[in-house]
Amino acid sequence: MQNLTSPPPGQAAGKLIEVLDAAIVGAGFAGLYMLHRLRGLGMTARIFEAAAGVGGTWWWNRYPGARCDVESMQYSFSFDEKLQQEWHWSERFAAQPEILRYAEHVADRFGLRRDIRFNTRVTAAHFDEAVGRWTILTDRGDRVSARYCIMATGCLSSARVPDIPGIESFRGRTYHTGRWPHEEVDFTGQRVAVIGTGSSAIQAVPVIAEQAAQLFVFQRTPNFSIPSRNKPMDEEYERWWKSDYAAHRRKARMMRTGILYHIDERSALDVSPEERRRVYEERWAAGGTAFMGAFVDLLRNQAANDTAAEFVRGKIAEIVKDPTTAALLQPRDHPIGTKRICVDTHYYETFNRENVRLVDVRSAPIEAITRTGLRLRNGAEYAVDSIVFATGFDAMTGAVLAVDIRGRSGASLREKWAAGPRAHLGLMVAGFPNLFLITGPGSPSVLSNMMVSIEQHVDWLSDCLVHMRARGATCIEPTQEAEDAWVAHVAEVGNRTLYPKANSWYMGANIPGKPRVFMPYVGGVGTYREECAAIAAQGYPGFRMSAPQDAAAAAQ
Ligand code: NA7
């Protein structure tokens, strides 16, 4: 048996700081709840977190206008009745500072901070078959031994700056929306460039436009955006939720997206044009992502989708006064909703301002960043004081693969996923025992209310560990067959939809060289929950459980 105080062969030495039941990577909502549950099971667990505080995505994404697109009453934990009754959200859609305060409140309320190691980035996790444990290395040179390694690293946490020549020569300030500074950024009087027109830019642009002297928005691909109709929290609405929170949450968990809202069960093609327009107008006026619930087949049927897309294009033309700008803002290259639908506050209206200009970088791409600004391929130059990269993330796999993860026989996860991520239920990977992915690729994750999906994964995993303990097992791993079947199922269900038609980050299309695979599970949060629950109820078919000594034997 290997001595836990010496590193596995070929692995960098570091001081062994502790021996744990579970190491959790990331102190976002997934990591926080995981730690809370594991403590409840009497396990020793610690979170390793690169940031200086809790909150994950809400710690990093502090850009102006950052806000959740799931309603506050639903974008919150349900596991503690007192917590959900006592916390008061001030707006229909909470802004980043309030969500961060909530994460901090949860950490304090449940005394979680003492088991979080901040400013510590996990760099490697290697499975040692002889002892059935993970050795975890950090950028501080620490070495931790843990039975279970839980990646709570988030789906949109690996920020990406495109490889544009000359970035380092720029004399002004540069920012990435997902790595926003903690001190206040004031654009007053400045000429500002925003590169990108995804959700982050669509939220940031209206706010930056109010400060900046001149704002250039560099757009390669326009996106569909629905007004949020954000407003202060309606007291009656809050009372309605709180009057029977548990029952409302139960319903939400069975919805396709994990969000409780009305989905019209009719096809967009089965109603008259007048009725269709009425429904879209109603959804547009109500605001938010529920627009995509206007008809049941919007993401399955191109002709149905066209009706919704055309409606939104019409709205853009009504709002934006300059016809050339309006035409540029109208998306035509992908079905509505197949790239994450955006939710905004006065995004399209912002292009009516004197100080805002939309620059089309589809026809003339950004060629270089110079000392003073940006130069396009057609020779046009834009002098700016600050550049905001709203250029997105290496989604779903980026943060997991940033860690050098090695399973049985030293096999690397990066190599295993070279042609696209493979995980049974999006939760576990064959050949990587006791490694868990919270909201990993192959689970509903980014297509869902993250809070609902996080709680479901954490609860499922906690129940699984209880089951294992009851039968003396300390090692769990999915079979290759189960993983293959699930990956095939995820692809098959995805291919029945319009999603693969878009060059989206769901498909890995925003990262040069990334395999083109539709990564999230589109079968629905409720269906997925039932599938996971059935597997648990049947004693975990598709998974192999063992004690450490048989774990080593199983590998032979
Ligand atoms: P997104 O949605 O990935 O958007 C990134 C944007 O940046 C998108 O418009 C890209 O255009 C654009 N981009 C990227 N590289 C370039 C270059 N080189 N030139 C011009 N434009 C570029 O990221 P967000 O942060 O907005 O949102 C991510 C998710 O976070 C969001 O969906 C929510 O779930 C929360 P492209 O479309 O690739 O042509």
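Attention in this report is confined to the structure presented alongside it. (Residues numbered from 1 in each chain as written. Predicted model: local features only at pLDDT ≥ 70, side-chain atom pairs only at ≥ 80, totals over all residues. Heavy atoms only, no water.)

### Focus: the pairing of strand β2 (residues 45–48)
For clarity, the threshold we go by: Each residue is placed in one exposure class: buried if its accessible area under a 1.4 Å probe, protein chains only, is under 20% of its type's maximum, exposed if it is over 50%, and partly exposed if it falls in between. Comment: elements are numbered from the N terminus, with helices defined as DSSP H or I runs of at least four residues and strands as E runs of at least two. The rule for pairing is simple: two strands pair if DSSP sees at least two bridges between them.
Burial along β2 is two-sided: A45 and I47 facing one way and R46 and F48 facing the other are all buried. The pairing of strand β1 (residues 15–25) with β2 spans four bridges and is parallel. Within the sheet, the bridge partner assigned to I24 lies in β2 and is I47. Strand direction decides the pairing type here: β2 and strand β3 (residues 116–117), joined by two bridges, are parallel. When the bridges of β3 are listed, I47 appears paired with I116.

### Things to note about the pattern of salt bridges
What counts, and what does not: One side-chain nitrogen of Lys or Arg within 4 Å of one carboxyl oxygen of Asp or Glu is enough to make a salt bridge.
Taken as a whole and judged by the stated rule, the model has 29 salt bridges. In this structure, E275 and R266 form a salt bridge, with 3.0 Å as the shortest nitrogen-oxygen distance. As a salt-bridge pair, R408 and E477 come within 2.6 Å of each other at their nearest N and O atoms. Taken together, the residues span a long stretch of sequence, with R408 in the loop between β17 (404–406) and α13 (413–416) and E477 in strand β19 (residues 475–478) at a distance of 69 residues. The burial state of R408 is the same as that of E477; both residues are buried. If you follow the salt bridges from partner to partner, you end up with D264, R266, E275, R278 and E282 in one network.

### Some thoughts on the packing of helix α8 (residues 273–286) against helix α9 (residues 302–319)
Each packed pair of helices is defined by two parameters, the angle between the axes and the distance between the axes. This is how it is decided: Between N-to-C directions, angles cover 0 to 180 degrees, with each direction set by a line fitted to C-alpha atoms, over the stretch in contact for helices. Small angles under 35 degrees read as roughly parallel and large ones over 145 as roughly antiparallel, with 65 to 115 read as roughly perpendicular and the rest as oblique. Each helix crossing is assigned a hand: it is left-handed if the near helix lies turned anticlockwise from the far helix by less than a right angle, otherwise right-handed if that turn is clockwise. Contacts are residue-level and defined by heavy atoms, with any inter-residue pair within 4.5 Å sufficient. In this count, Pro and Cys sit with the nonpolar residues alongside Ala, Val, Leu, Ile, Met, Phe, Trp and Tyr, while Asp, Glu, Lys and Arg are called charged and the others, Gly among them, polar.
At a minimum axis separation of 11 Å, α8 and α9 run at an interaxial angle of 60°. Our classification of the angle between α8 and α9 gives oblique. The two elements α8 and α9 meet at a crossing, and its hand is right-handed. Along its contact with α8, which presents R276, R277, Y280, E281 and W284, the element α9 presents A304, T307, A308, F311, V312, K315, E318 and I319. Among the residues making up the contact of α8 with α9, the classes are represented as seven nonpolar, one polar and five charged.

### Focus: the sheet that holds strand β15 (residues 381–383)
The three strands lie next to each other as β13-β14-β15, forming an open sheet whose pairing is antiparallel. Looking at the sheet topology across the chains shown, the edges are occupied by β13 (366–369) and β15. With direction set aside, neighbouring strand axes in the sheet form an average angle of 20°.

### Examining the site of the ligand
To keep things clear, this is the line we draw: Proximity is defined per residue: any heavy atom of the residue falling within 4 Å of a molecule or strand makes that residue near it. Side-chain atoms alone can form a polar contact between residues adjacent in sequence; in general such a contact is a pair of N or O atoms within 3.5 Å, and within protein one must be able to donate a hydrogen while the other accepts it. With residues, only the protein chains shown are counted as cover, and all accessible areas are computed by Shrake-Rupley using a 1.4 Å probe.
Lining the immediate environment of the ligand, one finds 20 residues, of which T197, S200, R220, T221 and K339 sit closest. Residue S199 places a main-chain N or O atom 3.0 Å away from an oxygen atom belonging to the ligand. Within the side chain of R220, an N or O atom sits 2.8 Å from an oxygen atom of the ligand. About the coverage of the ligand: the protein hides 85% of its 780 Å² of free accessible area. Looking at the shell around the ligand residue by residue, the class counts come to seven nonpolar, eight polar and five charged.

### Let's talk about unusual backbone geometry
In this structure, T439 is a non-glycine residue whose phi angle is positive, near 55°. Following the sequence through the fold, T439 ends up in the loop between β18 (435–437) and α14 (450–470). Exposure remark for T439: the relative accessible area of 5% places this residue in the buried category. The backbone of S445 shows a phi angle near 30°, a positive value even though the residue is not glycine. Following the sequence through the fold, S445 ends up in the loop between β18 and α14.

### Thoughts on the environment of D360
Here D360 shows up in strand β12 (residues 356–360). Along the chain, D360 and G431 lie 71 residues apart, while their C-alpha atoms are 46 Å from each other. With sequence-adjacent residues up to four places away left out, D360 is seen in contact with Q219, L328 and L376. Of the polar contacts made by the side chain of D360, one reaches the backbone nitrogen of R362; its length is 2.9 Å. Side-chain polar atoms of D360 contact the side chain of S363, separated by 2.7 Å.

### Some points on the sheet that holds strand β7 (residues 173–176)
The sheet built from five strands is open, its strands ordered β7-β16-β8-β9-β12 with parallel pairing. At either margin of the open sheet sits one strand with a lone partner, and together these are β7 and β12. Going from strand to strand, the sheet's axes swing by 20° on average, the running direction of each strand aside.

### Some remarks on the packing of aromatic side chains
We apply this condition: Put simply, two rings from Phe, Tyr or Trp (the six-membered ring, in Trp's case) pair if the centres are within 6.5 Å, and we call them stacked under 30 degrees between planes, edge-to-face over 60, tilted for the rest.
Under the definition given, this model contains 41 aromatic pairs. Between F77 and Y102, the aromatic rings sit 6.3 Å apart at their centres with planes inclined by 35°, giving tilted as the arrangement. Taken together, the residues F77 in the loop between α2 (57–60) and α3 (81–86) and Y102 in helix α4 (residues 96–109) connect sequence positions 25 residues apart. Exposure class is identical for F77 and Y102. Each is buried. Geometrically, the ring pair formed by W87 and Y102 is edge-to-face, given 5.1 Å between the ring centres and 70° between the ring planes. With a gap of 15 residues between them, W87 in the loop between α3 and α4 and Y102 in helix α4 connect regions that are remote in the sequence.

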